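# Coordinate analysis (summary)
What follows is the residue order along each chain.
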Amino acid sequence: MFRDTISLNIMELQATCLVCFDLFANFACNRTTIKTKHYDMRKAKLYITNACRMFLITLAACALPLAFSACSDDSGDDGGNDPGTGEVDNEVGDFDTPAFADYAAKYEITDEGSDYKSIELTESGFYIITTKNGQAQTTKTGTETATNKSATQHPTMLTPYCSRASSGEMNPGDVIYGHISGSYTVTGENTFHLENIGTLKVIHEGNAIYSLNVVSEDGQRSILLKSSLYEPLYRNSAKTLSLCRTWDIVKLRYWYIINGKTIANIEGNTYEELVYNIDQWAKENDPDYDGDGPIVDLTGRSPRRIMFSKFGTYAVFYKEGTMAVSTWAWADIARGILVYSWDNIYDGDTDGNVVIRFRGNNAYMIEAYGENDGFTSYEEGTEITLQEVK
């Protein structure tokens, strides 16, 4: 009788606590305001809500009868060993020297009042002309975009931040930069043909001072610019030499892990395919899915290529022919961690960190975020497989 009474009271207590934990789980998970600086985690509620609720309920069921049994620890974690966990990595891959490495240079325009900020020739045979206010004109401009043009309000390595300029938060002295890009070829000593622009002649004036003579395709217009040579950031680094080239995006993977267990692990060969696969997965696994997925749907602006230069420039080239230009620097070269910024301020608003891994003829770019409040932990991220453009 006494024993039966104890058993009944324990069962009642368990039932009561399960209800309480259920209510708490609904409150904690459905009101969630977990954020990273990159996007509101309410967009990932399809993963959090159900998983978090079940975790809390299971925890309650396991916590009470600890004197009688213990919750088992499922060690089937297939997501905890993703690349980019911070370990020292000495791999530099197996890459040839880029074809235009000997001609790579960045010239900072020193003429006061010039519409141009810089002209850069990259290791991969691309040029980038940075203009002030996005209004400079020489000839036909090819692909051009300003860094404040964006499909999203949150920065990632592939998607530029919707900057202060586009939201009306311009400060005195702020400048919006435009970019003109294309391929270049070497036509003579210190002479280059810039696609859709014309001829660039580099004249060394002494020390790090150079004159740049740009002549239009039809020979009817020319501009003479004074400039200084920009020093490379990491001239002799093996990892920098591996990184600084142009890459095709050949595969993308998105993962979401909660409390050490992989909830989603989804791949796509293109950005839009990844977005579609995530959407299909969510429709099949979450009855409350509202179509607002965890990564931005860049319809018509799918990233296709990424270019890094040893001068701290990186550019993303999109499906429809536009581009976005940003800056990068090594944060921890031994661990392959680099930091990027879409406005070159590095104040936490428009920048982030990624991990770069080199394996064979491929590079892997991992951008992940997570949070652990001592009760629930989550991690999500994307891994982008890159292949050098030949």
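Residues numbered from 1 in each chain as written. Predicted model: local features only at pLDDT ≥ 70, side-chain atom pairs only at ≥ 80, totals over all residues. Heavy atoms only, no water.

### Comments concerning the overall build of the protein
In plain terms, the rule: Helix and strand assignments come from DSSP, with helices taken as H or I runs of at least 4 residues and strands as E runs of at least 2, each series counted from the N terminus. Only protein chains enter the accessibility calculation, which uses a 1.4 Å probe; a residue is then buried when its area is under 20% of its type maximum, exposed when over 50%, and partly exposed in between. The contact criterion used throughout is that any non-hydrogen atoms of two residues lie within 4.5 Å. Note on areas: Shrake-Rupley, 1.4 Å probe, and residue coverage restricted to the protein chains presented here.
Across its full length, the protein holds four helices and 18 strands. By the burial criterion, 43% of the 390 residues in the protein qualify as buried. Considering only contacts in the protein between residues 6 or more positions apart, those separated by 24 or more positions represent 58%. Carbon and sulfur atoms provide 50% of the accessible area of the protein, an area that totals close to 19500 Å².

### A short note on the pairing of strand S2 (residues 116–121)
How we decide: Strand pairing is assigned whenever DSSP detects at least two bridges linking the two strands.
Among the six residues of S2, five are classified as buried, and the element is accordingly described as predominantly covered. Where strand S1 (residues 105–109) lies against S2, four bridges are found, and the strand directions are antiparallel. Considered in S2, the bridge of Ala105 is made with Leu121. Between the antiparallel neighbours S1 and S2 lie six residues, among them Gly113 with a positive phi of about 80°. The pairing of S2 with strand S3 (residues 126–132) spans five bridges and is antiparallel. Counted as the bridge partner of Ile119 is Ile129 from S3. Where S2 hands over to S3, the hairpin turn is made up of four residues, of which Gly125 adopts a positive phi near 90°.

### With respect to the pairing of strand S10 (residues 246–258)
S10 sits mainly inside the fold: ten of its 13 residues count as buried. The pairing of S10 with strand S12 (residues 303–308) spans three bridges and is classified as antiparallel. If you follow Trp247 over to S12, its bridge partner there is Ile306. Pairing geometry for S10 and strand S11 (residues 261–268), over seven bridges, is antiparallel. The residue of S11 that forms the bridge with Ile258 is Lys261. Count of turn residues in the S10/S11 antiparallel hairpin: two residues, of which Asn259 carries a positive phi of about 55°.

### A closer look at the pattern of salt bridges
Selection criterion: Each salt bridge in this description consists of a side-chain nitrogen of Lys or Arg and a carboxyl oxygen of Asp or Glu lying within 4 Å of one another.
In total, this model carries 13 salt bridges according to the counting rule given. Between Arg245 and Glu388 there is a salt bridge whose closest N-O contact spans 2.9 Å. Placement of Arg245 in the loop between helix H3 (238–243) and S10 and of Glu388 in strand S18 (residues 377–388) is noted, with a sequence separation of 143 residues between them. The class of Glu388 is buried, set by a relative accessible area of 14%. In this structure, Arg253 engages Glu383 in a salt bridge whose closest nitrogen and oxygen atoms are separated by 3.6 Å. Of this pair, Arg253 sits in strand S10 while Glu383 sits in strand S18; the two residues are 130 residues apart in sequence, bridging distant segments of the chain. Within the structure, one salt-bridge network assembled from shared partners comprises Asp96, Arg245, Glu388 and Lys390.

### Regarding the environment of Leu338
Examined against the element boundaries, Leu338 turns out to sit in strand S15 (residues 337–341). Taking the C-alpha atoms as reference points, Leu338 and Gly352, separated by 14 residues in sequence, lie 8.5 Å from one another.

### Here's the deal with the nonpolar core
Note the cut-off: Only buried Ala, Val, Leu, Ile, Met, Phe, Trp, Tyr and Cys residues count toward a nonpolar core, and they belong to the same one when joined by side-chain atoms within 4.5 Å.
Among the nonpolar cores identified, the biggest contains 39 residues, and Phe308, Tyr314, Leu338 and Met365 are the most heavily contacted of them. Considering every element that reaches this core, the biggest residue donor is S10, with six residues. Apart from the residues lying within four places of it in its own chain, the contact partners of Met365 are Met157, Leu158, Ile306, Phe308, Val354, Val355, Ile356, Thr382, Glu383, Ile384 and Leu386. Counting residues in hydrophobic clusters, the runner-up holds 19 residues, among them Phe192, Leu200, Val214 and Leu225.

### Some details on the packing of aromatic side chains
Operational definition: Put simply, two rings from Phe, Tyr or Trp (the six-membered ring, in Trp's case) pair if the centres are within 6.5 Å, and we call them stacked under 30 degrees between planes, edge-to-face over 60, tilted for the rest. Only when the NZ of Lys or the CZ of Arg is both within 6 Å of the ring centre and within 35 degrees of the ring normal is a charge said to sit over the ring.
The final tally for this structure, using the stated rule, is 15 aromatic pairs. Both rings, one in Phe100 and one in Tyr184, keep their centres 5.0 Å apart while their planes meet at 65°; by these two values the pair is edge-to-face. Of this pair, Phe100 sits in the loop between helix H2 (45–63) and S1 while Tyr184 sits in strand S5 (residues 177–188), and the two are 84 residues apart along the sequence. Seen in terms of ring centroids, Trp328 and Trp330 are 5.5 Å apart; in terms of plane orientation they differ by 90°. Their pairing is edge-to-face. The two residues Trp328 and Trp330 agree in class, both being buried. Joined through ring pairs, the aromatic side chains of Phe308, Tyr314, Trp328, Trp330, Tyr340 and Trp342 make up one cluster. Lys106 extends its terminal NZ or CZ atom over the ring of Tyr230, reaching a point 4.8 Å from the ring centre.

### With respect to unusual backbone geometry
Not every positive phi belongs to a glycine, and Asn196 is a case in point at roughly 70°. Following the sequence through the fold, Asn196 ends up in the loop between strand S6 (191–194) and strand S7 (198–206). When its relative accessible area of 25% is taken as the criterion, Asn196 is described as partly exposed. Of note, the phi angle at Asn259 is positive, near 55°, even though the residue is not glycine. Within the secondary structure layout, Asn259 lies in the loop between S10 and S11.

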